Amino acid sequence: MMPSALQDYGELDYEAALTLTGFGWFHYQLLALCGLIYANTAVSITLISFVLPSATCDFRMTSKDKGWLTAAPMLGMVIGSYFWGCLADTKGRRIVLIATLLLDGIIGVLSTVSQIFSIFLLLRFINGFAITGAMGICFPYLGEFQPTAYREKILCWMELFWTFGIIVLPCIAWIVIPLDFHFTDADGKALFGSWNLFVALCSVPSIVLGLWLLRFPESPKFLIECGERHLALEILKDIYHINTGRDRNECPIEGLKESDKGNMIMETHNRSIRSFNIHNPKHMKIIFGEIWEQTKALCGPEFRKNTVLACLIQFGITTSYYTLMVWFPELFGRFELHEKRYPNMSVSVCDVSSIVLDTVNGTLVDEYCGTKIDTNVYWHTLLLGFACIPTSLWLPLCVHRLGAKFFLIFSLMVAGAVTVGLSYVNNSTQNLILSCIFEALTSMGISTVYCVMVDLFPTNLRVMAAALSLTFGRGGALLGNILFGFLVDLNCFIPVALFSMMLFGSAILCFFLPNTGSEALD
């Protein structure tokens, strides 16, 4: 949609000015970039699920070790979420997003050459610390460039990119991990194998996306909140030029109104908070003061309800999703191994989990360690991604008609019921079907939460609020992975029951969320 007339409108509020820039090529490029960043986070977070069975021999991992390995990135996310959120709300979305992507990519490549389990664990922790910033920032960054009429639908299309990441990951794993090559030292100890190459290939896109992001501007909405209206106006003129093909001087926006909420830093120090140097102790004191004020605002009367709801919903859905998604390939592998040994025996997920890897003197350990990942494991994981395509299309196409709240409640209620059903399957086919339904619905639910949060909080609190809720969510995922790693071989019904209760509880909390998507930001 392009502006219909070339006339001067004087000083405008941000929403009116953004509408005059049109909706076109710039927005499609930005959606592609942010979508690929979101797809990349899907790859970065879940790649560990293929490392678990592949690196078992190299690190001689028990189920408990695997629990710690899956928990390490989650611990990094718990610590990193609020850290990056605070930086993004003070120094800017774009620069922080670039930093998180480059850090994730570089550390990911370095982790591939680690020969010591504890060091590999530390590097995966740093990966989690970095990638959670990208996940928490890409939705607000994308949303702040969208006119109200398009914002919710554009944000919902991000779910399709997450699905793309879930599909691409097993494809890369299927091509690379079965390759029969490895470098060893003089003693025969593995130095670099196919799973190391897999991790390296999955890390490179973060670096590429971080460099691509250099071509895009800072959020003009954020700049207005910082008091930098002139720079925001120049960016809007660039957007107008890209969308319409007309000269920047023809842009009908003469000026931008100040933010209605005011800016304490600008009023007190007569400068943008972005200009403060984080290496200067006096500047850091001012920045920390602003962060503290914003944190108090999130917990204050105006936003307390939305903050609590967002944190609790994130905790429930993220705990269930990330724990089971990381462990699905492992469970698929155990089902395949069991059905090959006992082809006529039907067992549940909990029964098949008796195939443990920590019996050092047992033949079962040696056999499993020497066995490559079964082809069906890749195929089943790929099907999980394909199962998300229908819901990834349904969400953006119908969100204006049904509302984001409907999708949240529906996805969480059905996912909770499916989680209960996982305890009663007795073969790998049934396990696959329920796993596909679970993945499709919970993935849609998580993306919808991110969409809703863009509308729940003002610009100066938006990323910080998303980061705070992510902290709760990743904390739950951390506990879930540790819990599942300890209990999967003992009594897996307990964590499955807890996850289903969390999903049902999150669905009930969604009833208390306000309706979103129909009003301008702030």
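See the structure shown above.
Since we're looking at a predicted model, the values are computed, not measured. (Residues numbered from 1 in each chain as written. Predicted model: local features only at pLDDT ≥ 70, side-chain atom pairs only at ≥ 80, totals over all residues. Heavy atoms only, no water.)

> An account of the environment of T307 is requested, with residue identities and associated values reported.
Examined against the element boundaries, T307 turns out to sit in helix α15 (residues 304-341). It is 8.8 Å that separates the C-alpha atoms of T307 and F457, two residues lying 150 residues apart in sequence. For T307, the residues in contact, after removing those within four places along its chain, are L298, F457 and L468. (Helix = DSSP H or I, 4+ residues; strand = E, 2+ residues; numbered from the N terminus. Contact = heavy atoms within 4.5 Å.)

> Kindly report on the side chain of D89, identifying the contributing residues and their values.
Considering the arrangement of structural elements, one finds D89 in the loop between α5 (63-88) and α6 (93-111). In terms of polar contacts, D89 uses its side chain to reach the backbone amide nitrogen of M464, at 2.7 Å. What D89 contacts, discounting residues up to four positions off in sequence, is F222, Q294, T459, N460, L461, R462, V463 and M464. (Polar contact = N/O pair within 3.5 Å; in protein donor to acceptor, adjacent residues only side chain to side chain.)

> Any chance you could break down helix α21 (residues 428-456) for me, citing the residues and the numbers?
Its 29 residues place the ends of α21 41 Å apart at the C-alpha level, agreeing with the 42 Å of an ideal helix rising 1.5 Å per residue. Along α21, 24 of the 29 residues are buried, which leaves the element largely enclosed by surrounding structure. (Expected span 1.5 Å × (residues − 1). Buried < 20%, exposed > 50% of the residue type's maximum accessible area, 1.4 Å probe, protein only.)

> Outline the side chain of S114, supporting the account with residue identities and numerical values.
Considering the arrangement of structural elements, one finds S114 in the loop between α6 and α7 (117-143). The class of S114 is buried, set by a relative accessible area of 7%. Here I116 takes part through its backbone oxygen, which lies 3.1 Å from a polar atom of the side chain of S114. Filtering out sequence-adjacent residues up to four positions away, S114 remains in contact with F59, I119, F120 and L123.

> Would you mind going over the environment of V199 in detail, with residue names and values included?
Among the structural elements, V199 can be located in helix α10 (residues 194-212). Note on V199: relative accessible area 0%, which makes it buried. C-alpha of V199 to C-alpha of L110: the two residues are 89 residues apart in sequence and 9.7 Å apart in space.

> Describe the packing of helix α8 (residues 148-156) against α21, and please don't skip the residues or the numbers.
Two quantities define a packed helix pair, namely the angle between the helix axes and the distance between the axes. Two elements in contact, α8 and α21, have axes whose closest approach is 8 Å; the angle formed by their N-to-C orientations is 150 degrees. On the basis of the axis angle, α8 is roughly antiparallel to α21. Relative to α21, the crossing made by α8 is right-handed. Of α21, the residues touching α8 (which contributes R151, L155 and C156) are C451, V454 and D455. Residue composition of the contact of α8 with α21, grouped by class: four nonpolar, no polar and two charged. (Axes fitted to C-alpha atoms, helices over the stretch in contact; angles between N-to-C directions. Parallel < 35°, antiparallel > 145°, perpendicular 65-115°, else oblique. Left-handed = near helix turned anticlockwise from the far one by under 90°. Nonpolar A, V, L, I, M, F, W, Y, C, P; charged D, E, K, R; others polar.)

> Lay out the environment of G403 with the relevant residues and their values.
Inspection of the secondary structure puts G403 in the loop between α19 (389-402) and α20 (404-421). On the accessibility criterion, G403 (22% relative accessible area) is partly exposed.

> So what about the nonpolar core? Which residues, and what values?
Grouped together as the largest cluster of nonpolar side chains are 112 residues, with contacts concentrated most on Y38, F139, Y141, I253 and Y322. The biggest single contributor to this core is α21, with 14 residues. Among the nonpolar cores identified, the runner-up in size contains 21 residues, and F50, V51, F198 and V199 belong to it. (Core = buried A, V, L, I, M, F, W, Y, C linked by side-chain atoms within 4.5 Å.)

> Lay out a nonpolar patch on the surface in plain terms, naming residues and giving numbers.
On the surface, a cluster of nonpolar side chains totalling about 340 Å² of accessible area is made up of W25, Y28 and I242. When you line up the elements, I242 lands in helix α12 (residues 229-244). (Patch = residues over 30% accessible without salt bridge, like charges linked within 9 Å, V, L, I, M, F, W, Y side chains within 5 Å. Areas by Shrake-Rupley, 256 points an atom, 1.4 Å probe, with all protein chains shown as cover. Salt bridge = Lys/Arg side-chain N within 4 Å of Asp/Glu carboxyl O.)

> Which residues make up the pattern of salt bridges, and what values go with them?
In a structure, side chains of opposite charge can pair up when their charged atoms sit close to one another. The full count for this structure, using the stated rule, is six salt bridges. The residue R151 makes a salt bridge to D455 at a minimum N-O spacing of 2.7 Å. Note that R151 is positioned in helix α8 and D455 in helix α21, a separation of 304 residues in sequence. The class of D455 is partly exposed, set by a relative accessible area of 23%. Across the pair E234 and R248 runs a salt bridge, and its minimum N-O distance is 2.6 Å. Pair noted here: E234 is in helix α12 and R248 is in the loop between α12 and β4 (255-256), with a separation of 14 residues, a long-range link. The structure contains a network of salt bridges with shared partners spanning D89, R93 and E144.

This is a description of form; function is not addressed.
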